[in-house]
Every structure is written in structure tokens, then in C-alpha cells.
Amino acid sequence: MPSLLILKNKILLTLLIFSLFSLTLGIFTVLVKFPDPNTPLIIHWNNNGEIEFLGERQYILGILLTSVVFIILNVFLGEFLSKESLFFPHLFVILGAFLSILIFINLIAIIGVN
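Note that the structure is predicted; figures quoted are calculated from it, not measured.

### Thoughts on the environment of Val69
So, step 1. Within the element layout of this structure, Val69 appears in helix H3 (residues 57–81).
So, step 2. Note: C-alpha distance between Val69 and Ile17 (52 residues apart in sequence) is 14 Å.

Here's what the structure looks like:
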């Protein structure tokens, strides 16, 4: 039976829930803000204000879903490596929370531009 250290530790569990909640909120925000899946969206621009990359809603949802998969893999890696050291579960969950904050900021920027 695995130890499930991340689920027993309140701080790690809170960070994990925060990460998944912010990405879920981002997914719903994209679905509500951009109801038409074929609308061209500005995904990336350079320092001169020129558009470098146009995409559709699927590109943004792909970024968010990839982040969710990344966080879930980090949880499994943290659980697997918790037998070696307690440092790894903390590191993986904190990195997942940091990633979800950065992705959510990026999502707000994309919504603001479009």
C-alpha cells in the first residue's frame, strides 16, 4: 500500500488543490470567454507589439490540459520518490503550484489582448 504522503500532508494537499483549481478555473474561463472554437486568437506577440503566433481555442486548452497532466505526473513522481527523501514531494508540488500560477497569468494576458 503506498504511503500517499501528499494526501496526508495538509500543506502539500492545499497546494495541489490550489494548482488543480486554478487550471480548472482557467479551462472554464477559456470556454466561456471564447465560445467559438474557430475564432483566431493572439497567442504570442513580440516586444514591438507585432503578432507572432495566432491560434484557436484548442491551443489554449492544450496548454492548460498539458499543465494538468504535468501536475498529476509530479504527484506520482513525488509519491514514488518519497521513499528516498521527503524533499521530492515538496519540490514537485511547489513546482506544480508555481507552474499553475504562471499559466494562469499567461491566460489572463491572452484574454486581455483578445
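### Things to note about the environment of Ile103
So, step 1. If you trace the backbone, Ile103 turns up in helix H4 (residues 87–113).
So, step 2. In sequence terms Ile103 and Ser67 are 36 residues apart; their C-alpha atoms lie 8.0 Å from each other.
So, step 3. Once residues lying within four places of it in the same chain are set aside, the contact partners of Ile103 are Leu23, Ile63, Leu64 and Ser67.

### Here we look at H4
The periodicity of an α-helix, 3.6 residues per turn, causes residues three or four positions apart to be oriented the same way.
So, step 1. For H4, built from 27 residues, the straight-helix expectation of 39 Å at 1.5 Å per residue is met to within 8% by its first-to-last C-alpha distance of 39 Å.
So, step 2. Those residues of H4 lying buried are Pro89, Phe92, Val93, Gly96, Ala97, Ser100, Ile103, Leu107, Ile110 and Ile111.
So, step 3. Turning to H4, the residues buried within the fold contact helix H1 (5–8), helix H2 (10–33), strand E1 (41–45) and H3.

### Things to note about the packing of aromatic side chains
So, step 1. Counting across every chain of the model gives three aromatic pairs.
So, step 2. Their ring planes at 65 degrees and their centres at 5.6 Å tell us that Phe53 and Tyr59 sit as a pair that is edge-to-face.
So, step 3. Accessibility expressed as a relative area gives 38% for Phe53, which makes it partly exposed.
So, step 4. Looking at Tyr59, the relative accessible area reads 45%, which means it is partly exposed.
So, step 5. Between Phe88 and Phe92 the ring centres are 6.4 Å apart and the planes differ by 25 degrees, which places this aromatic pair in the stacked class. In this pair, Phe88 and Phe92 both sit in helix H4, four residues apart, roughly one turn of the helix.
So, step 6. In this structure Phe92 comes out as buried when scored by relative accessible area, which is 14%.
So, step 7. What links up through ring pairs into an aromatic cluster is the set Phe87, Phe88 and Phe92.

### Focus on the pairing of strand E2 (residues 51–55)
So, step 1. Where E1 and E2 come together, four bridges link them in antiparallel fashion. Within E2, the residue paired with Ile42 across the bridge is Leu54.
So, step 2. In this antiparallel pair of consecutive strands, E1 and E2, the connection spans five residues, and Gly49 shows a positive phi of 85 degrees.

Rules used in this analysis
- Residues numbered from 1 in each chain as written.
- Predicted model: local features only at pLDDT ≥ 70, side-chain atom pairs only at ≥ 80, totals over all residues.
- Heavy atoms only, no water.
- Helix = DSSP H or I, 4+ residues; strand = E, 2+ residues; numbered from the N terminus.
- Contact = heavy atoms within 4.5 Å.
- Expected span 1.5 Å × (residues − 1).
- Buried < 20%, exposed > 50% of the residue type's maximum accessible area, 1.4 Å probe, protein only.
- Phe/Tyr/Trp six-rings, centres within 6.5 Å; stacked < 30°, edge-to-face > 60°.
- Pairing = 2+ DSSP bridges.

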